[in-house]
Structure formats: structure tokens, C-alpha cells
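Residues per chain are reported as follows:
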Amino acid sequence: MVSEPASRPILVVDDNPDIHVLMERMLVPRSIHDPEMIRGLQALESRLFGAEPPAEAPDVLHGFRFSIDSAHSGSDGISLVEANPGRYFLAFVDMRMPPGIDGIQTIKGIWSVAPDIYTVICTAYSDYSWDEIANELGCAPNLLILRKPFEAIEVRQIAATVARMYDSLSCVKASVNKLEQELVIAMESVSQLEERSRALLAEIADPCLLLDREGEILGANASAHELFGVEEKLLYGRDVASVLADVQAPLPGARAVARSRLVCPRGRAIEASVTLTPVGAQPDAAGEFIARIRVTHPA
């Protein structure tokens with residue numbers, strides 16, 4: 001037996017009790033084939049908006065189920081969001097709700113607590129032009145405007161479409177959060193590897209350079225600084241070929257290879273043997289190499 005989808009709460013902020021009844025009947029219908037429900041909905045729409053009865057039954061909600069949480073003033077709506085900051089994905093907010101705060105101020109309060117809530121401004125007599133709304137709220141992608149009188153199909157389409165978009169964005173955010181966590185772990189691993197590599201350099205008496213996969217110098221031990229006679233800032237970040245003549249960047253997975261190279265410290269040329277050793281337990285996946293230099297013929 002297929003279980004029904006969980007009900008998603010929608011916040012309705014309006015000072016007119018009939019609007020809450022109307023939204024309840026639009027978004028939480030008992031049955032699409034319930035004649036009593038359909039007649040009640042048509043009569044309420046006609047009484048509120050003077051609308052003509054629809055020619056067909058209200059549209060289905062594309063598999064979504066909703067419930068309505070009611071607030072009869074802007075301050076009450078803000079309080080509900082403050083008490084349940086992760087509860088709502090959608091809020092319908094009336095523009096005029098005298099004598100309390102209006103819809104703009106209500107939305108500002110809601111977004112100060114839960115900025116991701118999609119919000120629909122319901123208005124018949126706008127106290128604000130679109131430019132004024134944009135100045136107050138910005139051109140937010142989660143802001144919609146619904147003109148009164150509205151029909152059931154409009155409200156249902158908004159709710160179903162926003163629910164689908166909200167789910168998609170939630171999946172994207174979850175994926176981004178997971179990638180960020182993986183990146184932090186990877187950076188911590190790289191940092192630990194660098195610390196281990198630098199500690200290894202310090203233990204080797206011969207001049208040694210720590211290289212990345214492309215041959216850029218990441219570090220050097222004291223013997224290397226003495227050999228090359230340059231400050232750290234002049235040595236690190238350079239390509240190994242700029243200090244070791246004819247040495248090309250190490251290839252991934254390279255193992256110990258001894259070659260005769262020309263080393264150019266302090267402008268003088270000497271002959272040396274350079275051995276490239278991958279750092280890590282798996283040479284084929286090594287991200288760093290140690291270039292160990294043994295001077296064979298000093299200048």
C-alpha cells in the first residue's frame with residue numbers, strides 16, 4: 001500500500017477570517033469529487049470577490065498535501081515563524097491589515113527569521129507600486145504577487161510549483177553542504193600531509209626540495225637554503241626548472257630516479273644528482289615529491 005505524502009504547512013497571514021477559510025478549502029480539499037466542497041468554495045469566492053463560478057472543478061495539487069497555519073495580523077505571523085523557523089516553505093501575506101503592520105513590514109519580519117521562505121503578497125488595493133516594493137524588499141527570487149480576486153487554480157499552482165522548487169533547492173543546498181564538508185576534510189588531509197612532508201625534509205641532511213605534481217617548489221630544508229643561498233620567498237612558488245637546470249616537472253607516480261643535473265646556486269653551476277621520491281603510501285596517487293640533491297662535483 002502506497003503511503004500518502006506528508007502534509008506541508010503553509011502560513012496564511014490575513015486579517016479577514018474568510019480568507020483563511022477560502023485558502024483552507026483551496027489547498028486542503030477533502031476530495032476533488034466532493035460536490036459540497038466544490039459548491040462551498042464557489043460560494044465563498046463569489047461572496048469575497050464577486051467571481052463567477054468556475055466552469056470546472058478545482059485542479060488537483062500534483063500529489064502534494066498541504067495544511068494551513070493561520071495568523072490574523074502581521075505580528076502574529078512573525079511570531080509563528082519565530083517560534084517555528086524551519087516549519088514553513090510558503091507564506092501568503094495580505095498587503096493591508098489595519099490597524100497593525102502591513103504586508104511589507106510583515107515580510108521583512110518573516111525574512112529576518114527565515115529568509116528562504118517563499119512569500120506571496122496578496123493585494124487588491126496596493127499601497128505600494130512595484131518599484132516601492134522592490135525598494136523595500138529587493139528583487140527577491142522568493143517573492144511573488146497575487147492579485148485579488150484570485151482563483152483556486154492560481155493558489156494551487158503557486159503552492160505546488162513552489163513546493164517543487166523548494167525541494168529542488170533543498171537538494172542543491174544539501175549537495176553543496178556535503179561538498180563543502182568534503183573539501184574541509186580534504187584540506188585538513190593536505191595540511192597534515194604538508195606538515196608530515198616538511199618534518200621529513202628537516203630530518204634529511206642532504207639539500208631537499210618539496211615539489212607539487214607540476215614541479216612547483218612548496219618547501220625546502222635548511223641545507224637547500226644554504227646551497228641555493230636565497231630567501232624562502234625567492235625560492236618557494238618557483239618552478240623547479242628555474243633552480244635545477246634541465247629538471248622537468250615530476251610525473252604522477254614517478255619513483256626514485258637519479259639523474260645528473262646542473263644546479264645553479266648563487267649564480268654558480270655545479271654538478272649534482274637529483275632523486276625524485278613521491279610522498280605518500282601510494283606512489284601512483286602522489287600529490288607531492290621530494291627532490292633530494294647530492295652534489296657530485298662542486299664548482
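Refer to the structure presented above.
Here is what the cut-offs are and how they apply
Residues numbered from 1 in each chain as written. Predicted model: local features only at pLDDT ≥ 70, side-chain atom pairs only at ≥ 80, totals over all residues. Heavy atoms only, no water. Core = buried A, V, L, I, M, F, W, Y, C linked by side-chain atoms within 4.5 Å. Buried < 20%, exposed > 50% of the residue type's maximum accessible area, 1.4 Å probe, protein only. Helix = DSSP H or I, 4+ residues; strand = E, 2+ residues; numbered from the N terminus. Contact = heavy atoms within 4.5 Å. Phe/Tyr/Trp six-rings, centres within 6.5 Å; stacked < 30°, edge-to-face > 60°. Pairing = 2+ DSSP bridges. Axes fitted to C-alpha atoms, helices over the stretch in contact; angles between N-to-C directions. Salt bridge = Lys/Arg side-chain N within 4 Å of Asp/Glu carboxyl O. Polar contact = N/O pair within 3.5 Å; in protein donor to acceptor, adjacent residues only side chain to side chain. Parallel < 35°, antiparallel > 145°, perpendicular 65-115°, else oblique. Arc of directions from axis to C-beta.

Just to check I follow, could you spell out the nonpolar core for this structure?
Here is a general trend for soluble globular proteins: nonpolar side chains tend to be buried in one another's company. Among the nonpolar cores identified, the biggest contains 25 residues, and Ile 10, Met 23, Leu 27, Leu 90 and Phe 92 are the most heavily contacted of them. Contributions of two or more residues to this core are made by β1 (7-13), α1 (17-27), β2 (65-71), β3 (90-94), β4 (118-123) and α6 (152-203). Broken down by element, the residue count for this core peaks at 7 residues, all from α6. For Phe 92, the contacting residues outside a window of four places in its chain are Ile 10, Leu 11, Val 12, Val 13, Met 23, Leu 27, Val 120, Cys 122, Leu 146, Val 155 and Ile 158. If you look at the next biggest cluster of nonpolar residues, it comprises 22 residues, including Ala 91, Val 93, Ile 107 and Ile 110.

So what exactly am I meant to see when it comes to the packing of aromatic side chains here?
Remark: the centre distance and the inter-plane angle together describe each pair of aromatic rings, the angle taken between the planes. Within the structure shown, the criterion is met by 4 aromatic pairs. Relative to Phe 66, the ring of Phe 64 lies with its centre 6.0 Å away and its plane at 25 degrees, an arrangement referred to as stacked. Among the aromatic residues, ring-to-ring pairing joins Phe 64, Phe 66, Phe 89, Tyr 118 and Tyr 166 into one connected group.

Help me understand the sheet that holds β1, please; the structure alone is not making it clear to me.
Pairing between sheet strands relies on hydrogen bonds along the backbone, with the strands arranged either parallel or antiparallel. Read from one edge to the other, the open sheet built from 5 strands follows the order β2-β1-β3-β4-β5, with strand pairing classed as parallel. The open sheet terminates on both sides in strands that have one partner only, identified here as β2 and β5 (143-147). Each neighbouring strand pair of the sheet contributes to a mean axis angle of 25 degrees, computed without reference to strand direction. As judged from the 5 bridges shared by β4 and β5, these two strands associate in the parallel manner. Counted as the bridge partner of Val 120 is Leu 144 from β5. The sheet contacts of helix α3 (residues 74-83) involve β1 and β2, and relative to β1 the element is tilted by about 150 degrees. Helix α4 (residues 103-113) rests against β1, β3, β4 and β5 of the sheet, and its axis sits at about 155 degrees to β3.

Would you explain the pattern of salt bridges in this entry?
Throughout the structure, instances matching the rule amount to 8 salt bridges. Note that Lys 148 and Asp 14 form a salt bridge whose closest N and O atoms lie 3.6 Å from each other. On the criterion of sequence distance, the pair formed by Lys 148 in the loop between β5 and α6 and Asp 14 in the loop between β1 and α1 is long-range, its members being 134 residues apart. Bridged by salt links that share partners, the residues Asp 14, Asp 94 and Lys 148 form one connected network.

I tried to follow α4 on my own but got confused; where do I start?
Note that an α-helix has 3.6 residues per turn; residues three or four places apart therefore point the same way. Three or more residues of α4 are buried, namely Gly 103, Ile 104, Thr 106, Ile 107, Gly 109, Ile 110 and Trp 111. Buried residues belonging to α4 abut β1, α3, β3, β4, α5 (130-137) and β5. The backbone nitrogen of Ile 104 has a side-chain oxygen 3.2 Å away, supplied by the residue at the start of α4, namely Asp 102.

Mind showing me how you'd approach unusual backbone geometry here?
With glycine set apart, most residues show a phi of negative sign, and most peptide bonds adopt trans. Looking along the chain, the bond that leaves Pro 98 and enters Pro 99 is cis, with omega of 5 degrees. Summarising the element assignment, Pro 99 is placed in the loop between β3 and α4. With an omega of 0 degrees, the peptide bond running from Lys 148 to Pro 149 counts as cis. Secondary-structure assignment places Pro 149 in the loop between β5 and α6.

Please clarify how the packing of α3 against α4 should be interpreted in this entry.
When two helices pack together, their arrangement is given by the angle between the helix axes and by the axis-to-axis distance. Between α3 and α4, the shortest axis-to-axis distance is 9 Å and the interhelical angle comes to 10 degrees. Regarding the angle of α3 to α4, the classification is roughly parallel. The segment α3 lies against α4, with Gly 74, Ile 78, Val 81 and Glu 82 engaging Gln 105, Thr 106, Gly 109, Ile 110 and Val 113.

When you look at α5 in this model, what are you seeing that I'm missing?
When we look at burial in α5, the residues that qualify are Ile 133, Ala 134 and Leu 137. Down the axis of α5, the smallest arc covering the buried residues is 100 degrees, so these residues share one side. In α5, the exposed positions that point more than 90 degrees away from the buried face belong to Asp 131 and Asn 135. Buried-residue contacts for α5 involve α4, β4 and β5. Downstream of α5 by a residue or two, Gly 138 has a phi angle that is positive, lying close to 80 degrees.

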